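The lines below spell out each chain.
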Amino acid sequence: MLLRFRSFMIAFSIVLALAPFSGIAAAALLASTLGCEINDAAMEPCTAYGIDFGPLLTDLLLTASLGQIAFLILTAVLIVWAVVEVFALLARTWQRERGAAVRR
């Protein structure tokens, strides 16, 4: 049960940290469908069906900056989590060996 929870939390954290990068894919797909150009330095006008999609494309493209921060935080959290798990494993192993030695 605990192993399943740990696996779920790791997978959920990875999906959560990588979710902002889906904005890049959505912006690229929408721009190629509408025949527009994406420029991360400035907002490009992109008019299709009487609607200007330029601000939407720029906003979707800028979600990647959140992804960079989230990815770094996720990496740090997973490293700390791995260190804690290793220490917990070592402590359990040490207690088992110590308990086996006392019983002898």
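An account of the accompanying structure is given in this report.

Cut-off values and rules
Per chain, the residues get numbers from 1 upward, laid out in the order the sequence is written. Whole-chain, interface and lining totals are the exception, using all residues; otherwise, since this is a predicted model, local features are given only for residues with pLDDT of at least 70 and side-chain atom pairs are given and counted only at 80 or more. Note that the side-chain values use all heavy atoms of the structure and ignore hydrogens as well as water. We call a set of buried Ala, Val, Leu, Ile, Met, Phe, Trp, Tyr and Cys residues a nonpolar core when their side-chain atoms join them within 4.5 Å. Here the term buried applies to any residue with accessible area under 20% of the maximum for its type, exposed to any over 50%, and partly exposed to those in between, with areas from a 1.4 Å probe on protein chains only. By the criteria applied, helices consist of DSSP H or I runs no shorter than four residues and strands consist of E runs no shorter than two, each listed in order from the N terminus. Any two residues whose heavy atoms approach within 4.5 Å at even a single point are treated as in contact. A pair of cysteine sulfur atoms is labelled a disulfide when the two atoms are within 2.5 Å.

### Things to note about the nonpolar core
Membership of the largest hydrophobic core is limited to eight residues, which are A27, A31, L34, C36, C46, A48, F53 and L57. With three residues, the single largest contributor to this core is helix α2 (residues 22-34). Look past the residues within four positions of A27 in its chain and what remains in contact with it is I38, L57, L60 and L61.

### Some remarks on unusual backbone geometry
Unusually for a residue other than glycine, Y49 sits at a positive phi of about 55 degrees. Classification of Y49 by relative accessible area gives exposed; the value is 77%.

### Looking at the state of the cysteines
Counting across every chain of the model gives one disulfide. The disulfide bridge from C36 ends at C46, spanning 1.7 Å between sulfur atoms. Its S-S torsion of approximately 65 degrees makes the covalent link between C36 and C46 right-handed. Placement of the pair is C36 in the loop between α2 and β1 (47-48) and C46 in the loop between α2 and β1, with a sequence separation of ten residues.

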